[in-house]
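# A look at the structure
Residues per chain, in single letters:
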Amino acid sequence: MRQLYIGGEWLDAESSEGIEVDSPVTGEVIDTVPSASSQDVRKAVEAARRAQRELEEMTAFERAAVLDEVTEYFEEHEDEIAELITREEGKPLHESYEETEYVIESSDDYAHDAIRLFGDVVPSEFRGRFAYTQREPYGPCAVISPWNFPLEVPGGSIYSAIATANPVVFKPAEETPLTAYHIAKAFEQSSLPDGAFNLITGAGETGAELVGHRDIRLIAFTGSTEVGQQIAKTAAERNAQCLLEMGGKDPILVLDDADVDHAAESIVMGSNWNAGQVCCGTERVITTEGIHDDLVDAVVEKTEALTLGDPFEEGTDVGPMVSERIQRKVKDHVDNAVEQGAQLLTGGGTDGLFYDPAVLDDVTEQMDIATEETFGTVTPVVRVDDYEAAIEIANRSRYGLQAAIFTDSLERAHDAANRLKAGGVFVNETNNYWERLLPFGGYGESGSGGRYGSKWHLEAMTQTKAVMMNYKNY
Ligand code: NAD
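Source: prediction; values computed, not measured. (Residues numbered from 1 in each chain as written. Predicted model: local features only at pLDDT ≥ 70, side-chain atom pairs only at ≥ 80, totals over all residues.)

### A closer look at the overall build of the protein
Here is the rule we go by: Numbering of helices and strands starts at the N terminus; helices are DSSP runs of H or I of at least 4 residues and strands are runs of E of at least 2. Atoms counted for the radius of gyration: C-alpha only. Globule rule: 2.2 Å times the number of residues to the power 0.38. For the exposure call, what matters is how many other C-beta atoms sit within 10 Å of a residue's own: 20 or more marks it buried, 12 or fewer exposed, and in between partly exposed, using C-beta atoms placed from the backbone. Here, residues touch in the contact sense if the C-beta positions derived from the backbone fall within 7 Å of one another.
If you tally the helices and strands in the protein, you get 15 helices and 22 strands. A compact globule built from 474 residues should have a C-alpha radius of gyration of about 23 Å, and the protein, at 23 Å, falls within 12% of that. With respect to the three principal axes, the spread of C-alpha positions in the protein is 75 × 60 × 40 Å. Put simply, the protein has 474 residues, and 53% of those count as buried. Considering only contacts in the protein between residues 6 or more positions apart, those separated by 24 or more positions represent 71%.

What follows is the structure, encoded as structure tokens:
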């Protein structure tokens, strides 16, 4: 059984209960991590609280230097970490390397932006007074993350929390807790004060204990909308700050004047990257009448060309899904849509944890697959008469993470960028898109409390203080 990292030490959990970690690649149990009890959670939060002052007294430059040390660890252990991500999550190895690279490269952005988190000098309305603002941390921060990007998703929140002096208690997803041990080791060998980073493992109950602890002042949660909303309710009772990144049902709109081949390529990538298990994956394709048939043919052809298989093999495009629970939901969505009249044009078979990438045509809004997050290798296609109908259907969703439109019309591109209700809109590019200096986050039930990504993330993790000095005319 692994240990917990609390207050700068590796400790046995109080509870002897463990969680077995299965590899979706082989089905074997590859490790066991503790299921942290409320006592373990209390210890970790207490360690974070004790580290607050020392972390705050460090300069932003010193905290940025810690991120550099952490990055050095990731660089030195990159092969080991990328292989572990594939082993515990199931994504193709080249995708795991994209994840490690992203974290290594973006650490510099967090460090760089954190030392430039300037306040304002505010012209006072009274004589003899000097007024300014400064950004300050909230206090102990719970970072709770999902399994689909075990390094990248918690990485951004942990970097920005530490860079802005919020000590962290990190609880990774129970499906993929092993990568988190590398994050803990990276901080252990850095000059971060003891207790400023803590790792506890466990499932939802451990997460709920952490969220419920009164000394946690900031919660950076990434995961499902249902859990995020429960967390927001608990946090509201003591007004703890929440940064929530949750689910999506992201659309790609394809208009008659689009480049069919490029649109199809982007859709197939958007639906199938990480076996479709991406919050901003392509969950709906909304196509106008004139391009529909050509687009669907091209999407089917490219979907059938994907190579499913061992994620460690070079050339594999799609690996296994992370668990039976996730695979079952995908299968149920597709089966129900077919019962309600959708046409399954390709895919839909299962073999172990693999789900054969599917394309569904004639999808309507009455079907769950058109409204609820599926999180798998499925491309549902909704046909509409015209551009206005496409915008209307795209926006008729409780979610609003990212959206994309394929068109040759500059007017339509700008119009859609203004009208689509989503945290990100991309033109002639997949909606399954992010880059280092752009903010990432959702509208509606996809997110709240700020944005992920470099300076946006840092701003979300700090509060503004007003300071006034009466230096002359008392
Ligand atoms: P999940 O909500 O089931 O779990 C996420 C994390 O929350 C896990 O660590 C889990 O143990 C913990 N948790 C569960 N119940 C809890 C509770 N009551 N209190 C506190 N913590 C609790 O999500 P998942 O299945 O791990 O991940 C898939 C979901 O994550 C999808 O909906 C996906 O869209 C979303 N996601 C969103 C983003 C984003 O940036 N918007 C990124 C990745 C994944």
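### Examining helix α3 (residues 78-89)
Cut-off, in case you're wondering: Helix span is expected to be 1.5 Å times the residue number reduced by one.
Helix length check: α3, at 12 residues, gives a terminal C-alpha distance of 16 Å against a target of 16 Å (1.5 Å per residue), a fit within 8%. The complete set of buried residues in α3 reads Ile81, Ala82, Leu84, Ile85, Thr86, Arg87, Glu88 and Glu89. Of the surrounding elements, those touching the buried residues of α3 are β3 (18-22), β4 (29-34), α2 (60-76), α4 (93-114) and α6 (178-188). Directly beyond the C-terminal end of α3, a positive phi value near 100° is found at Gly90.

### Some details on the pairing of β3
Our working definition: Strands were regarded as paired on the criterion that DSSP finds at least two bridges between them.
Both β3 and β4 contribute to a ladder of five bridges, which runs antiparallel. Within β4, the residue paired with Val21 across the bridge is Asp31. Counting the residues that bridge the hairpin from β3 to β4 gives six residues, and of these Gly27 lies at a positive phi of roughly 80°.

### Side note on the site of the ligand
Applied cut-off: The criterion for a residue being near a molecule or strand is a backbone-placed C-beta atom within 6 Å of that molecule or strand. Note that the domain bounds were set by an automatic or database domain assignment.
In the vicinity of the ligand lie 30 residues, with Pro146, Gly204, Gly207, Gly223 and Cys279 positioned nearest. Secondary structure elements with two or more residues in the shell around the ligand: α7 (204-212) and α8 (225-236). The element best represented in the shell around the ligand is α7, accounting for four residues. For the shell around the ligand, the domains that each give at least three residues are domain 1 (4-246 + 446-468) and domain 2 (251-427).

### Here's the deal with the nonpolar core
Using the following cut-off: In this usage, the nonpolar core is the set of buried Ala, Val, Leu, Ile, Met, Phe, Trp, Tyr and Cys residues whose C-beta atoms join them within 7 Å.
Within the largest apolar cluster, 73 residues are counted, with the highest numbers of intra-cluster contacts made by Ile162, Val168 and Ile219. Element by element, the count of residues in this core is highest for helix α1 (residues 38-57), at seven residues. Other than its neighbours up to four places away in sequence, Ile219 contacts Ala142, Val211, Ile231, Ala235, Ala240 and Cys242.

### Quick word on unusual backbone geometry
Its identity as a non-glycine residue notwithstanding, Asn239 has a phi of 55°, on the positive side. Here Asn239 shows up in the loop between α8 and β11 (241-245). Positive phi, close to 65°, is recorded for Phe375, a residue that is not glycine. Note on placement: Phe375 falls in the loop between α12 (368-371) and β18 (378-384). For Phe375, a count of 25 C-beta atoms within 10 Å puts it in the buried group.

### Some details on the sheet that holds strand β20 (residues 424-427)
This is how it is decided: The convention used is that axes are lines fitted to C-alpha atoms, helices contributing only their stretch in contact, and that angles between N-to-C directions extend from 0 to 180 degrees.
Here we have seven strands laid out as an open sheet, ordered β14-β17-β18-β13-β12-β19-β20, and mixed in their pairing. The open sheet terminates on both sides in strands that have one partner only, identified here as β14 (343-346) and β20. Direction aside, the axes of adjacent strands within the sheet are offset by 20° on average. Across three bridges, the pairing between β14 and strand β17 (residues 358-361) is antiparallel. The residue of β17 that forms the bridge with Leu344 is Leu360. The sheet contacts of helix α11 (residues 324-339) involve β14, β17 and β18, and relative to β18 the element is tilted by about 35°.

### Brief notes about the packing of α4 against helix α5 (residues 152-163)
In plain terms, the rule: Note that the term roughly parallel is reserved for angles under 35 degrees, roughly antiparallel for angles over 145, roughly perpendicular for angles of 65 to 115, and oblique for everything else. Left-handed is the label given to a crossing in which the near helix is rotated counterclockwise from the far helix by less than a right angle, and right-handed is the label when the rotation is clockwise. Gly is placed with the polar residues, together with every amino acid not listed as nonpolar (Ala, Val, Leu, Ile, Met, Phe, Trp, Tyr, Cys and Pro) or charged (Asp, Glu, Lys and Arg).
Look at α4 against α5: their axes get within 10 Å of each other, and the N-to-C directions meet at 20°. As judged from the angle between their axes, α4 and α5 are roughly parallel. In the packing of α4 onto α5, the handedness of the crossing is right-handed. Listed contacts from α5 to Glu99, Tyr102, Val103, Ser106, Ser107, Tyr110, Ala111 and Ala114 of α4 are Glu152, Gly155, Gly156, Tyr159, Ser160 and Ala163. In the contact of α4 with α5, the residues fall into seven nonpolar, five polar and two charged.

### Regarding the sheet that holds strand β6 (residues 129-137)
Spatial strand order, β5-β6-β22: three strands in an open sheet with antiparallel pairing. The sheet terminates laterally at β5 (121-122) and β22 (462-470), the two strands that pair on one side only. As paired strands, β6 and β22 are joined by nine bridges and run antiparallel to one another. Across the sheet, residue Arg129 finds its bridge partner in β22, namely Asn470.

### A closer look at the domain arrangement of the protein
One frequent convention defines the size of an interface as the accessible area lost when the parts assemble. One can read the domain layout of the protein as domain 1 (4-246 + 446-468) and domain 2 (251-427). The gap between the C-alpha centroids of domain 1 and domain 2 is 31 Å. On the domain 2 side, the residues contacting the 14 residues of domain 1 number 19 residues. Taken together, the elements giving at least two residues each to the side of domain 1 that touches domain 2 come down to α3 and α4. Residues of the side of domain 1 that touches domain 2, tallied by class, amount to five nonpolar, five polar and four charged.

### Let's talk about the pairing of β11
The cut-off we apply is this: For a crossover, the right-handed case is the one in which the path from the first strand over the helix to the second runs clockwise, viewed with the strands pointing away from the viewer.
By the criterion of burial, β11 is predominantly enclosed, with five of the five residues buried. Relative to β11, strand β10 (residues 218-222) runs parallel, the two being bridged by five bridges. Bridge pairing links Phe221 to Leu244 in β11. Following the chain from β10 across α8 to the adjacent parallel β11, one finds a crossover that is right-handed.

### Considerations on the packing of α2 against α4
At a minimum axis separation of 9 Å, α2 and α4 run at an interaxial angle of 170°. Between α2 and α4, the crossing angle belongs to the class labelled roughly antiparallel. In contact with Ala60, Arg63, Ala64, Leu67, Asp68, Val70, Thr71, Phe74 and Glu75 of α2, α4 contributes Thr100, Val103, Ile104, Ser107, Tyr110, Ala111 and Ala114. Among the residues making up the contact of α2 with α4, the classes are represented as 10 nonpolar, three polar and three charged.

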